[in-house]
Amino acid sequence: MTITERIHQLAVQLTHANASEQSVFHNVPLAPPDAILNLNTLSKADPYPTKINVGVGAYRDEDGKPWVLPVVKKAESVIVNDASLDHEYLPIDGLRKFTDASAKLILGKTSPAIVENRFAGIQTISGSGAVRLGADFLNRFRKATVYVSNPTWGNHHDIFRDAGLPVQTYPYWDPDVRGLAFQAMIDEIQEAPKGSIFVLHPCAHNPTGVDPTADQWRQIADAIRHGEHFPFFDCAYQGFASGDLDRDAAAVRYFVEQGFELLVAQSYSKNMGLYGERTGCLTVVTKTPELALNVRSQMCKLSRASISNPPAFGARIVSMVLNDEQLFTEWKGQLKVMADRIIHMREVLFETLTELKTPGTWNHIVDQIGMFTFTGLNAAQVKVLRDKHHIYMTDNGRISMAGLNSGNIRIFAEAVDDVVRHV
Ligand SMILES: Cc1ncc(COP(=O)(O)O)c(C=O)c1O
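To start, this report covers the structure provided alongside it.

What counts as what
- Residues numbered from 1 in each chain as written.
- Predicted model: local features only at pLDDT ≥ 70, side-chain atom pairs only at ≥ 80, totals over all residues.
- Heavy atoms only, no water.
- Helix = DSSP H or I, 4+ residues; strand = E, 2+ residues; numbered from the N terminus.
- Rg over C-alpha atoms; globule rule 2.2 N^0.38 Å.
- Buried < 20%, exposed > 50% of the residue type's maximum accessible area, 1.4 Å probe, protein only.
- Contact = heavy atoms within 4.5 Å.
- Axes fitted to C-alpha atoms, helices over the stretch in contact; angles between N-to-C directions.
- Parallel < 35°, antiparallel > 145°, perpendicular 65-115°, else oblique.
- Left-handed = near helix turned anticlockwise from the far one by under 90°.
- Nonpolar A, V, L, I, M, F, W, Y, C, P; charged D, E, K, R; others polar.
- Salt bridge = Lys/Arg side-chain N within 4 Å of Asp/Glu carboxyl O.
- Polar contact = N/O pair within 3.5 Å; in protein donor to acceptor, adjacent residues only side chain to side chain.
- Pairing = 2+ DSSP bridges.
- Core = buried A, V, L, I, M, F, W, Y, C linked by side-chain atoms within 4.5 Å.
- Near = heavy atom within 4 Å.
- Areas by Shrake-Rupley, 256 points an atom, 1.4 Å probe, with all protein chains shown as cover.
- Patch = residues over 30% accessible without salt bridge, like charges linked within 9 Å, V, L, I, M, F, W, Y side chains within 5 Å.
- Disulfide = S-S within 2.5 Å.
- Phe/Tyr/Trp six-rings, centres within 6.5 Å; stacked < 30°, edge-to-face > 60°.

## Some remarks on the overall build of the protein
Part 1: Secondary structure summary: the protein contains 17 helices and 13 strands in total.
Part 2: In terms of overall dimensions, the protein is globule-like: its C-alpha atoms have a radius of gyration of 23 Å, near the 22 Å expected for 423 residues.
Part 3: With the C-alpha coordinates aligned to their principal axes, the bounding extent of the protein is approximately 75 × 60 × 55 Å.
Part 4: Within the protein, the fraction of its 423 residues that count as buried is 51%.
Part 5: Partitioning the contacts of the protein with sequence separation of at least 6, the portion at a separation of at least 24 is 75%.

## Thoughts on the packing of helix H9 (residues 214-226) against helix H11 (residues 250-257)
Part 1: Where H9 meets H11, the closest approach of the two axes is 10 Å, and the angle between their N-to-C directions is 45°. Here H9 is positioned oblique relative to H11, judged by the angle of their axes. Helix-helix and strand crossings are classified by hand; for H9 and H11 the assignment is right-handed. Residue-level contacts link Trp217, Arg218, Ile220, Ala221 and Ile224 of H9 to Ala251, Tyr254 and Phe255 of H11.
Part 2: Each residue belonging to the contact of H9 with H11 can be placed in one class, and the counts come to 7 nonpolar, no polar and 1 charged.

## Focus on the pattern of salt bridges
Oppositely charged side chains can pair when the atoms bearing their charge come close.
Part 1: Scanning all chains against the criterion turns up 18 salt bridges.
Part 2: Residue Arg341 pairs with Glu62 through a salt bridge whose shortest N-O separation is 3.2 Å. Taken together, the residues span a long stretch of sequence, with Arg341 in helix H14 (residues 325-355) and Glu62 in the loop between strand S1 (52-53) and helix H3 (70-80) at a distance of 279 residues.
Part 3: Of the residues examined, Arg341 reaches a relative accessible area of 10% and is grouped as buried.
Part 4: Here Asp93 ties to Arg96 by a salt bridge, and the two come within 3.3 Å at their closest N and O atoms.
Part 5: Owing to a relative accessible area of 9%, Asp93 belongs among the buried residues under this scheme.
Part 6: With a relative accessible area of 41%, Arg96 lands in the partly exposed category.

## Examining the side chain of Glu330
Part 1: Among the secondary structure elements, Glu330 is positioned in helix H14.
Part 2: Among the polar contacts made by the side chain of Glu330, one reaches the side chain of Gln326 at a distance of 2.8 Å.

## Focus: the sheet that holds strand S7 (residues 197-200)
Part 1: The mixed open sheet is built from 7 strands, whose spatial order is S2-S10-S9-S8-S7-S3-S4. In the strand order of this sheet, the two ends are held by strand S2 (119-125) and strand S4 (167-171), each with one partner. In this sheet, adjacent strand axes meet at a mean angle of 25° when their direction is disregarded.
Part 2: Bridge count for strand S9 (residues 262-267) against strand S10 (residues 279-285) is 6 bridges, and the pairing is antiparallel. Counterpart to Leu263 in the pairing with S10 is Val284.
Part 3: Those strands touched by H9 are S7 and strand S8 (230-235), and its axis lies near 165° from that of S7.

## Some thoughts on the packing of helix H16 (residues 379-389) against helix H17 (residues 409-422)
Part 1: Look at H16 against H17: their axes get within 10 Å of each other, and the N-to-C directions meet at 130°. Here H17 runs oblique to H16, going by the angle between their axes. Of the two elements, H16 crosses H17, and the hand of that crossing is right-handed. The residues of H17 that touch H16, namely those facing Gln381, Val384, Leu385, Lys388 and His389, are Ala415, Val416, Asp418, Val419 and Val420.
Part 2: Of the residues that constitute the contact of H16 with H17, the class distribution is 6 nonpolar, 2 polar and 2 charged.

## Some points on the nonpolar core
Part 1: Among the nonpolar cores identified, the biggest contains 96 residues, and Ile220, Phe255, Met272, Trp331, Leu349, Leu404 and Phe412 are the most heavily contacted of them.
Part 2: Among the elements that make up this core, the one with the highest residue count is H14 (9 residues).
Part 3: In this view, Phe412 contacts Ile52, Val54, Leu349, Ile391, Met393, Ile399 and Leu404; residues no more than four positions away in its chain are not counted.

## Focus: the site of the ligand
Part 1: Surrounding the ligand, one finds 13 residues, the nearest of these being Ser126, Ser128, Asn206, Asp234 and Ser267.
Part 2: Here Gly127 contributes a backbone N or O atom positioned 2.8 Å from an oxygen atom of the ligand.
Part 3: Arg278 places a side-chain nitrogen or oxygen 2.8 Å from an oxygen atom of the ligand.
Part 4: With the chains in place, 92% of the 390 Å² that the ligand exposes on its own is no longer accessible.
Part 5: For the shell around the ligand, the element with the highest residue contribution is helix H6 (residues 126-141), accounting for 3 residues.
Part 6: Class assignment for the residues of the shell around the ligand results in 3 nonpolar, 7 polar and 3 charged.

## Details of a nonpolar patch on the surface
Part 1: A contiguous nonpolar surface patch, about 360 Å² in accessible area, is contributed by Val24, Phe25 and Val28.
Part 2: On the secondary structure map, Phe25 appears in the loop between helix H1 (3-22) and helix H2 (35-45).

## Notes on the state of the cysteines
Part 1: Taken as a whole and judged by the stated rule, the model has 0 disulfides.
Part 2: As a non-bridged cysteine, Cys203 has Cys235 as the owner of its nearest cysteine sulfur, 4.5 Å distant.
Part 3: On the basis of relative accessible area, Cys235 is assigned to the buried category, the value being 2%.

## Some thoughts on the packing of aromatic side chains
Part 1: Using the criterion set out here, one finds 16 aromatic pairs in the structure.
Part 2: Measuring from centroid to centroid gives 4.8 Å for Tyr147 and Phe198, while their planes differ by 10°, and the two rings are stacked. Residue Tyr147 is found in strand S3 (residues 146-150), and its partner Phe198 is found in strand S7; the two are separated by 51 residues along the sequence. Side by side, Tyr147 and Phe198 carry an identical accessibility label, which is buried.
Part 3: For the pair Tyr237 and Phe372, a centre-to-centre distance of 6.0 Å together with 85° between the ring planes defines the contact as edge-to-face.

Have a look at this one:
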């Protein structure tokens, strides 16, 4: 650089420094990038031919490509060719055919809450928006400390904190057994201040892939009842865990049968592949139909003040699929294709690590359920996987099984074998 160029550079820096000092934004620091979305950016920018992205929780097919479900394509083409549809606003609480069908999907058609009409569903900006609306509602009408699992989906902390609620954690993952820290979880529920809010993942726990058994759910429900706590289910993977929509909803249905009032957030991002369409629902179960009406009206007020009214396209697709017997059957088949492929990848990964005699035990890969495996790899190993092997995963060692396929799973297993032996 010549002296003239250097002087020019310094002058520009000085001008920027002065301008920043005068700016109303001078005290706004640069926020750190979102850990998971940042992995995507890094992976996209990596030209390495056999790079692997197991960071983001989005389904990929055997070719590593996003999959638009055929049933979704079918519904889309009906919608775009339907001359009676327009782009008018939806009601504040969304498309009623969609929210009613969503409530039935999670609670079951014969649920006492459905039969007695003591529920209300509000359409939301996918699962995240449902959790946020629930958090805003609780902050206004039943403020208490929110307990989330340790670990949990990172956004839980931010959403509840930003809604104004104090956030604590309850034990969930026991690294020694690579499974549920069940007794510690129950102890924490029992020790929490009466009336706390407990956020529960009904199936396919993110990030651990470890779910309580039916018997453990019964004990969790007992402890929650005993503490007069409020259960808030966040269901982002119905059908993804077992491939069976009813089985994956069993925990929520059990709580409703036991007479609990509760909130449940639903997302159609994963199970219908509608990630970017932001299609979700928040359902409340109350003691009486009148209370459900009241809660709906207040949720409408909150939603009106944040998004005004929800987007129509995704809700129309889901509503069509859920309310048409033939399309619903097709969806269940396609959901099972995704769940089964993930289960198969678990088996292949386990077999390959066993064949490679990779040090350690790997049974948890086949024991865990849903989209994610909590591998047990540590942050240093994750870093070497990224820097040396071009494999992208979150620092806590969580991998999305959907990022693996028969073309890349051996490369992945050999890389894991390398870091386990040498890092
Ligand atoms: C536990 C949990 N809740 C909610 C969500 C929300 O997802 P979305 O807003 O895309 O529906 C996710 C997505 O990863 C999740 O894992």
